[in-house]
Amino acid sequence: MRFAVEKSELIQHIQHLSSIISTKAASPILTNYLIEADEKKGEVKITATDLKITSVVILNAAVSEGGIIAVSANYFNSIISQMPDSVINIWQNEDLLMIQCNKIDFNILCADYTLFPQLSLPNFENATLVNAETFHRMISKTVFAVSTDVNRPVLTGVCWKIMEKVNLMAATDGRKVAEIIVPNTAASATESGEENIDESIFDAPYSEQYLEKIIPVKALNFLQKIYDPAIKEMKVIFERNNIIFGYNNYIVVSNIIDHNYPEYEKALLVELPHRLVLPKESLMQSIRRVALIAPEDSGRVKFDVDKDRFEISTFNKETGEAKEIIDKYEYSGAVTSISFNNKYMLSILDAIDTEQVLIKLGDSKDPILIFNEPPLKNQKITFLLMPLRT
Amino acid sequence: MKKIIHIDMDAYFASIEIREDPSLKGKCVIVGGLPDSRGVVATCSYEARKYGIHSGMSSYQAWKLCPQAVFVPGHFKLYKEVSEQIRSIFHNYTVLVEPVSLDEAYLDVTENKLNEPDAVKIARLIKQDIWNTTNLTCSAGVSYNKFLAKIASELEKPDGLSVITEDNTQEILFSLPIEKFFGIGKVTAARMKKMGIKNGEDLYKQDLSDLIRNFGKAGVYYYQVLRGIDNREVITEFEPKTVSCENTFDRDLDEVNEILTELKQLIERLINRLALKGITAKNIFIKIKYDNFEVITRSCPLPEPTADRTILYENAEKLLLANWDNSRKIRLLGVGVGKLDSERIVKDVQMEIPI
């Protein structure tokens, strides 16, 4: 194997790939990249896997001799990143990988590539075409709400549903819910009487059967990393146990979480009588400020809202109290008080697109609903936050 | 027989203000709110007391009684620091110290660090130590229980030292006007006077059963203290018995919605304080001060030990609406809870959707 490639071309891709490598790898071979060079195509393929998610990146390179090796991902990454901005020559010499750039030479011991899990490249011919920009956006509105609780694996992924006219992504850890619904195609958006057509997810009407897939958060985070606004097309293949994405020069194969997603929707149907509208940025600032001394375990911050008074406060047995009176807000409803974890609230507000935010409140034990204000035309985005009972 | 000393600082806040600003010496000094502020007198110098001014009186009223008085806003941080100094003096003599307030404490010197059997001698040493350290005077009462020690400290104010022994207990209590008895307020004193009870001797002559019929549980207390019986210990670990908040309004209120809004805010403050202490309560009370300064307090039990906003508010609202004479304006509203339980720590519970 022998090829030459620009450092800048190589480095950005292997930096992404490195996030696939698990620090607690099940087997030593999984700490390696599989590097394959194809002389005829002038391509180099680099593969990383943790068995649940596998990603392949395909680079154009000057390949003078084909071949295949496995090499420590950690060393390969750090050596490449420390090289000068120039052409890097990489070739195999028996069980050593030679990495040479200008007057710098590394000879790295290789691993046994035959131990590396085999991945046959998928055929994207019949893949579903997805608008990558919309897909990226749907992930960013939901992925923060997934659970980290390994005892409830079903909640550690984002639920992606494809229905007749709309696409939905939702995530919840029981304490917060994030849901985004977008029209399937420009046509289905128009049918519903809306004009904006850019926010749909498919180019052609979706004709396959209804689908519900729970995608692990690691795969979604990886897709977010490799997203490039210039590249709008993403290919998706749904298999029984896997979901396969083809995007740019990447192939990502991820397991899916084989469960029925819990019925979180009922929680969103709650009727809340009070409406609070105010600028999002300054609200986030105020919450962050007051929360400086909030209890670490619960993160408790409290809203006391009335028509002529809105106070954000916290108190902490260990540190003290803090409060801020908010002047700029609109409120219709009765006086109410509600406590919540400030980190959850901030993660939701972060996902709000509009300058203003609408917060629907009930009494201290009711959930809180958070929306864009005004709502977006074609995308329905709903956030729910459960309060702290004190 | 125990040996108890009661120490009461003389016109404490005012004396500290005079110490800090000697030009105030000899003047009527009033620590508290300014006369135009709806504030009250926290304490005043002995010169001011001659005009009938006393703590708790409105500053405006005090100003009318003595227009030449000097009003000083309180410097509570300083008062607290001085109290710390005084408390550390007490602890040189005994570990059994019960601070009642910043300017008042009981000491049990039955056993003491000097192994000094004479409590009067200890009281004299403490007075001297306080003077040397703080340049302030206090009055000390020495006796064999808390009730009598407190009576004794009142006998020779300021800068006094009095002793009540078993031998002179009756003599002193009999001649004492009943309003001077600790635990007998203005209202009870007025009732007693109507019944012909003017001093300790009159009270002593009452039957226990009559006292109980007229004064309930307090009757038993009167009966016992007149006979020199008071078994209360000097309590070093002070646990609050109630937690409360109150607010004097900028203007007197008689509109029910305004008053309920104020009540809601008081409840919020109360809940914060309960949560800060991590306690629950089994009893709630409200305090209403009408525009003529008449005060009523009413309480009711709570269904369960709680610090829950809704339960506290509902009960406070019930109490308020049932007891407020709505033909009268309210100057001050207070709400508090009692029968506290610190074992039941209030914890935040993150609620979850049912999935």
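Residues numbered from 1 in each chain as written. Chains lettered and ligands numbered in written order. Predicted model: local features only at pLDDT ≥ 70, side-chain atom pairs only at ≥ 80, totals over all residues. Heavy atoms only, no water.

Enquirer: So what exactly am I meant to see when it comes to the overall build of chain A here?
Expert: Across its full length, chain A holds eight helices and 27 strands. Within chain A, buried positions represent 54% of all 390 residues. Sequence separation of 24 or more characterises 65% of the internal contacts of chain A that already satisfy a separation of 6 or more. As presented, chain A carries roughly 18,400 Å² of accessible surface, and 48% of it is formed by carbon and sulfur atoms. (Helix = DSSP H or I, 4+ residues; strand = E, 2+ residues; numbered from the N terminus. Buried < 20%, exposed > 50% of the residue type's maximum accessible area, 1.4 Å probe, protein only. Contact = heavy atoms within 4.5 Å. Areas by Shrake-Rupley, 256 points an atom, 1.4 Å probe, with all protein chains shown as cover.)

Enquirer: Where do I start with the environment of glutamine 265 of chain B in this structure?
Expert: Summarising the element assignment, glutamine 265 of chain B is placed in helix α12 (residues 256-277). On the basis of relative accessible area, glutamine 265 of chain B is assigned to the partly exposed category, the value being 37%.

Enquirer: I tried to follow the nonpolar core on my own but got confused; where do I start?
Expert: The tendency in soluble globular proteins is for nonpolar side chains to be buried as a group. With 122 residues, the main nonpolar core has Phe76, Phe303 and Ile370 of chain A as its most contacted residues. Beyond its immediate stretch of four places on either side in the chain, phenylalanine 303 of chain A contacts Leu276, Leu283, Ile287, Phe310, Glu311, Ile312, Thr336, Ser337, Ile338, Phe340, Met345 and Ile359 of chain A. (Core = buried A, V, L, I, M, F, W, Y, C linked by side-chain atoms within 4.5 Å.)

Enquirer: Looking at this structure, I do not really get the sheet that holds strand β4 (residues 70-72) of chain B. What am I missing?
Expert: Note on sheets: strands pair through backbone hydrogen bonds, and any given pair is parallel or antiparallel. All names here are of chain B. Strand order across the open sheet formed by three strands is β3-β2-β4, with mixed pairing between neighbours. In this open sheet, the two edge strands, each paired with only one partner strand, are β3 (41-44) and β4. Going from strand to strand, the sheet's axes swing by 30 degrees on average, the running direction of each strand aside. Bridging between strand β2 (residues 29-32) and β3 involves three bridges; their strand directions are antiparallel. From the neighbouring strand, glycine 32 faces β3, where its bridge partner is valine 41. (Pairing = 2+ DSSP bridges. Axes fitted to C-alpha atoms, helices over the stretch in contact; angles between N-to-C directions.)

Enquirer: Quick question: what am I supposed to make of the sheet that holds strand β6 (residues 104-108) of chain B here?
Expert: All names here are of chain B. What the five strands build is an open sheet, ordered β5-β6-β1-β7-β8; its pairing is mixed. Edge positions in the sheet fall to β5 (97-101) and β8 (161-163), since each has one partner strand and no second. Ignoring strand direction, the axes of neighbouring strands in this sheet form an average angle of 15 degrees. Sheet topology places strand β7 (residues 138-143) next to β8; three bridges connect them, and they run parallel. Across the sheet, alanine 140 pairs through a bridge with leucine 161, a residue of β8.

Enquirer: What should I look at first to understand the interface of chain B and chain A in this one?
Expert: It is common to give the size of an interface as the accessible area lost on bringing the parts into contact. The interface of chain B with chain A comprises 20 residues on the first partner and 32 residues on the second. Note on chain B versus chain A: buried area summed over both sides is about 2,400 Å², and carbon and sulfur give 54% of it. The largest share of the area that chain B buries against chain A comes from Gln350, Met351 and Ile355 of chain B, three residues that together contribute 29% of it. Summed over the shared surface of chain B and chain A, the number is three salt bridges. Between glutamate 268 of chain B and lysine 302 of chain A there is a salt bridge whose closest N-O contact spans 2.6 Å. Remark: the boundary between chain B and chain A carries nine residue pairs in polar contact (both at pLDDT 80 or more). At the level of elements, α12, α13 (309-323) and β13 (349-350) of chain B are the ones that each hand at least two residues to the side of chain B that touches chain A. (Buried area = accessible area lost by both parts, 1.4 Å probe. Salt bridge = Lys/Arg side-chain N within 4 Å of Asp/Glu carboxyl O. Polar contact = N/O pair within 3.5 Å; in protein donor to acceptor, adjacent residues only side chain to side chain.)

Enquirer: Explain the side chain of aspartate 230 of chain B to me, please; I cannot follow it from the model alone.
Expert: Residues and elements named next belong to chain B. Along the chain, aspartate 230 falls in the loop between α11 (217-226) and β9 (242-253). Owing to a relative accessible area of 10%, aspartate 230 belongs among the buried residues under this scheme. A polar side-chain atom of aspartate 230 sits 2.9 Å from the main-chain amide nitrogen of phenylalanine 147. Within the structure, the side chain of aspartate 230 is placed 2.9 Å from the side chain of arginine 232, a separation counted as a polar contact. Residue contacts for aspartate 230: discarding those within four places in its chain leaves Asn145, Lys146 and Phe147.

Enquirer: Explain the packing of aromatic side chains to me, please; I cannot follow it from the model alone.
Expert: Aromatic ring pairs are reported here in terms of the distance separating the ring centres and the angle at which the planes meet. Residues and elements named next belong to chain B. With the rule as written, the count across this model stands at 22 aromatic pairs over all chains. An angle of 75 degrees between the planes, with centres 5.2 Å apart, marks the rings of phenylalanine 76 and tyrosine 79 as edge-to-face. Of the two residues, phenylalanine 76 and tyrosine 79 both sit in helix α4 (residues 76-91), three residues apart, roughly one turn of that helix. What makes tyrosine 79 buried here is its relative accessible area of 0%. Pairing phenylalanine 147 with tyrosine 221 gives two aromatic rings, centres 6.1 Å apart and planes at 90 degrees, and the pair type is edge-to-face. Of this pair, phenylalanine 147 sits in helix α6 (residues 146-155) while tyrosine 221 sits in helix α11, and the two are 74 residues apart along the sequence. The exposure class of tyrosine 221 is partly exposed, given its relative accessible area of 24%. (Phe/Tyr/Trp six-rings, centres within 6.5 Å; stacked < 30°, edge-to-face > 60°.)

Enquirer: Explanation requested: the packing of helix α1 (residues 12-20) of chain B against α4 of chain B in the structure shown.
Expert: Residues and elements named next belong to chain B. Between α1 and α4, the shortest axis-to-axis distance is 11 Å and the interhelical angle comes to 100 degrees. When the axis of α1 is compared with that of α4, the two are roughly perpendicular. Two secondary-structure elements touch here, α1 through Tyr12, Phe13, Ile16, Glu17, Arg19 and Glu20 and α4 through Phe76, Leu78, Tyr79, Val82, Ser83 and Ile86. (Parallel < 35°, antiparallel > 145°, perpendicular 65-115°, else oblique.)

Enquirer: Whenever I open this one, the pattern of salt bridges confuses me. Can you help?
Expert: Opposite charge on two side chains allows them to pair when their charged atoms are near. Under the definition given, this model contains 30 salt bridges over all chains. Here arginine 309 of chain B ties to glutamate 268 of chain B by a salt bridge, and the two come within 2.6 Å at their closest N and O atoms. Placement of arginine 309 of chain B in helix α13 and of glutamate 268 of chain B in helix α12 is noted, with a sequence separation of 41 residues between them. Taken individually, arginine 309 of chain B and glutamate 268 of chain B each receive the classification buried, so the pair is uniform in this respect. Among the charged side chains, a network of salt bridges with common partners joins Lys302 and Asp304 of chain A together with Glu268 and Arg309 of chain B.

Enquirer: Quick question: what am I supposed to make of the environment of alanine 170 of chain A here?
Expert: Residue and element names in this part refer to chain A. For alanine 170, the position within the fold is in strand β12 (residues 166-172). Residues alanine 170 and phenylalanine 383, spaced 213 residues apart in sequence, show a C-alpha to C-alpha distance of 9.7 Å. Excluding its chain neighbours within four sequence positions, the residues that come into contact with alanine 170 are Thr142, Val158, Cys159, Ala178, Glu179, Tyr261 and Tyr264.

Honestly, it's all geometry; don't read function into it.
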